[in-house]
Amino acid sequence: MDVRAQIAAVFHLDKCIGCHTCSIACKNIWTDRKGLEYAWWNNVETKPGTGYPTLWEDQEKYKGGWELKGNELKLRLGGKLSRLLNIFYNPYLPTIDDYYEPWTYRYEDLFNSPESDVQPTARPVSMITGEPVEIESGPNWDDDLSGTPVYARNDLNLKSLSEEERRKLFEFERVVFFYVPRICNHCLNPGCVAACPAGAIYKRAEDGIVLISQEKCRAWRMCISGCPYKKVYFNWNTGKSEKCILCYPRIETGQAPACFHSCVGRIRYLGVVLYDADKLPEAAKKPDEELVDAQRDVILDPFDEEVVKAAKANGVHDSVIEYARKSPVYKFVKEWKIAFPLHPEFRTMPMVFYVPPLLPVMAFRTGEIYELAKDFFSTPESVRIPIKYLASLFTAGNEEHMIYALRKILALRLYKRMQKAKDVPKEEVDMMMKEVGLTPETAEEMYRLMSLPTFHDRFVIPPSHREMSVEQTENVYNRKASGGFGFRKPPERGM
Ligand code: SF4
Ligand code: SF4
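Conventions used here
Residues numbered from 1 in each chain as written. Chains lettered and ligands numbered in written order. Predicted model: local features only at pLDDT ≥ 70, side-chain atom pairs only at ≥ 80, totals over all residues. Heavy atoms only, no water. Buried < 20%, exposed > 50% of the residue type's maximum accessible area, 1.4 Å probe, protein only. Helix = DSSP H or I, 4+ residues; strand = E, 2+ residues; numbered from the N terminus. Pairing = 2+ DSSP bridges. Arc of directions from axis to C-beta. Contact = heavy atoms within 4.5 Å. Polar contact = N/O pair within 3.5 Å; in protein donor to acceptor, adjacent residues only side chain to side chain. 1 Å grid on protein atoms, 1.4 Å probe; cavity = no way out; pocket = protein on both sides within 12 Å on 5 of 7 lines; lining within 4 Å. Points joined across faces, edges and corners; volume = space filled by probe spheres on them. Nonpolar A, V, L, I, M, F, W, Y, C, P; charged D, E, K, R; others polar. Near = heavy atom within 4 Å. Sits in = over half its atoms within 2 Å of the grid points. Phe/Tyr/Trp six-rings, centres within 6.5 Å; stacked < 30°, edge-to-face > 60°. Salt bridge = Lys/Arg side-chain N within 4 Å of Asp/Glu carboxyl O.

**A closer look at the pairing of strand 11 (residues 240-243)**
Thinking step 1. Here strand 11 shows two buried faces, one formed by Lys 240 and Glu 242 and the other by Ser 241 and Lys 243.
Thinking step 2. Taken together, the 4 bridges between strand 10 (residues 232-235) and strand 11 define a ladder with antiparallel strand orientation. Each bridged residue has a counterpart across the sheet, and for Asn 235 the counterpart in strand 11 is Lys 240.
Thinking step 3. A loop of 4 residues connects strand 10 with strand 11, the two strands running antiparallel in sequence, and Gly 239 in this loop sits at a positive phi of about 75°.

Written out as structure tokens, the structure is:
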């Protein structure tokens, strides 16, 4: 057992209101600079939709992440040799049109225009060329319903639906959407790290945060292709790649990353988990439908004495183990089994998990929640967002996992409704809770964390132990790297 610590997150999608405060908080701190005008380390996209950069989920186009070839895990981008041979030619990159041409407005025209009968206007100008532009797309262009006919219909996850299911989904009265905020997933098997020919990307030994050395980056941009989530961005001004750093300077001082801290819907949770790196190679090779279980299995029980012993032997600090025991992420992912990674079939083992949205599933007609719940428990196929669609996004097509999670969340709602509004029959609620193994104690705990969490419930950030990072780095990097699991050593400064 090779126990390591990883900072991980949960986003509860039912609570996201699509306000983009998270994106702006991040932009203001990290990417409000020349060369990164188009880059949003945190973005929020509307689903169904094509996202940012457009169609990022299409790995036929972008060749991101890993694929299973026989029993071997290979980067879709190609092996080391083919990447080196193509080092000056990489066609699998999003263009500025796939992101959007960033623009600002000529605000000074509002003040400096000569006197006239008509109001002056601030025309949009490109932040790249300074020339006037027609705005044709943006990072949240398919927001809400505005882009539905054009964007939602092109969502790749709709492929799993039949013609009839797709037709129904876009019926005017049923039309449905929800938001998916996205940051770098600080994956356990990151495609970006494996794709970089310069060895500039590495995972921090003490907390698993994935970083790019600005000194070692040689602008080959293989990381941008290698990341299936398109969460590495090229800074055209410095000629280096950059990505979300999970606000590590904030984490090191016990503060949540800016996008977490500022989240208006309080949808974000952060905590540390312990995982077994020895299990990674096999877990990442499981068939699609087993990937969620395999990823859960890699995460270890921090109360298990064997795990604690192995963690200590690997240099994991006692306080990190203590915080792993209080981690909200552990509860959502391992104990309650209601949070899933985004597109686990990309096989990078992402460490941001999503609680799927229940409300758009249920709310296609008005009526008693209890009646709706009964429908859902008996015929989940009839729901407003097809389960197949959510399974395509979060469980690599495993519908059972998705139905279980949604039923559990629904049983919890009915349980609280029974307590507060007293208009739901107790025997029925008991039956539904029993079906998903939900006890009143767990229901209360889930309710507290999902509905009334304090800052300290949501963000359980272990104290930073930079003084121990050297020791852990030795433990982690002296192992023989296998397959894609090369946890590169952080570069020496000045290289
Ligand atoms: S999402 Fe994963 S593969 Fe993409 S940049 Fe982040 S760590 Fe790398
Ligand atoms: S700040 Fe929170 S609620 Fe608002 S869009 Fe971002 S994740 Fe959603």
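Now, onward.
**Some remarks on helix 14 (residues 305-313)**
Helical geometry note: an α-helix holds 3.6 residues per turn, so side chains three or four residues apart project in the same direction.
Thinking step 1. Those residues of helix 14 not exposed but buried are Val 307, Val 308, Ala 310 and Ala 311. Viewed end-on, helix 14 has its buried residues packed into an arc of 165°, placing them on one side of the element. Opposite the buried face of helix 14, at more than 90 degrees from it, the exposed residues are Glu 305, Lys 309 and Ala 313.
Thinking step 2. Elements in contact with the buried residues of helix 14: strand 1 (3-12), strand 12 (268-276) and helix 15 (318-325).
Thinking step 3. The N-terminus of helix 14 is capped by Asp 304, whose side-chain oxygen sits 2.8 Å from the backbone nitrogen of Glu 306.
Thinking step 4. Positive backbone phi, approximately 90°, marks Gly 315, located one or two places after helix 14.

**Some words on empty space enclosed by the protein**
With a probe scaled to a water molecule rolled over the atoms, the places where space remains empty come into view.
Thinking step 1. Considering all chains together, one arrives at 8 cavities of 30 Å³ or more under this definition.
Thinking step 2. In this structure, the largest cavity occupies an estimated 170 Å³ of space.
Thinking step 3. Of the residues that constitute the lining of the largest cavity, the class distribution is 7 nonpolar, 4 polar and 4 charged.
Thinking step 4. Considering only enclosed or pocket space, the second largest cavity measures out at about 100 Å³ in volume.
Thinking step 5. Lining the second largest cavity are 15 residues; nearest its centre among them are Cys 184, Cys 187, Pro 190, Cys 192 and Cys 227.
Thinking step 6. Of the residues belonging to the lining of the second largest cavity, the class tally is 9 nonpolar, 4 polar and 2 charged.

**Looking at the site of ligand 1**
Thinking step 1. Close to ligand 1 lie Cys 184, Asn 185, His 186, Cys 187, Pro 190, Gly 191, Cys 192, Val 210, Cys 227, Tyr 229, Val 232 and Lys 243, which account for all nearby residues.
Thinking step 2. Most atoms of ligand 1, that is more than half of them, are within 2 Å of grid points of the second largest cavity.

**Looking at the packing of aromatic side chains**
Each pair of aromatic rings is reported with the distance of its centres and the angle of its planes.
Thinking step 1. The tally for this structure, following the rule as stated, stands at 20 aromatic pairs.
Thinking step 2. Seen from their ring centres, Tyr 38 and Tyr 99 are 4.8 Å apart, and the 65° between their planes marks the pair as edge-to-face. A residue pair is termed long-range when its members are at least 10 positions apart, and Tyr 38 in the loop between helix 1 (21-31) and strand 2 (43-47) and Tyr 99 in helix 4 (residues 96-99) qualify at 61 residues.
Thinking step 3. Owing to a relative accessible area of 6%, Tyr 38 belongs among the buried residues under this scheme.
Thinking step 4. According to the relative accessible area criterion, Tyr 99 is buried, its value standing at 6%.
Thinking step 5. For the ring pair Tyr 99 and Tyr 233, a centre distance of 6.0 Å and an interplane angle of 45° mean the geometry is tilted.

**Some thoughts on the pattern of salt bridges**
Thinking step 1. Under the definition given, this model contains 28 salt bridges.
Thinking step 2. We note a salt bridge from Glu 164 to Arg 167, for which the minimum N-O separation is 2.8 Å. Of the two residues, Glu 164 and Arg 167 both sit in helix 7 (residues 163-169), 3 residues apart, roughly one turn of that helix.
Thinking step 3. For Glu 164, a relative accessible area of 41% translates into the label partly exposed.

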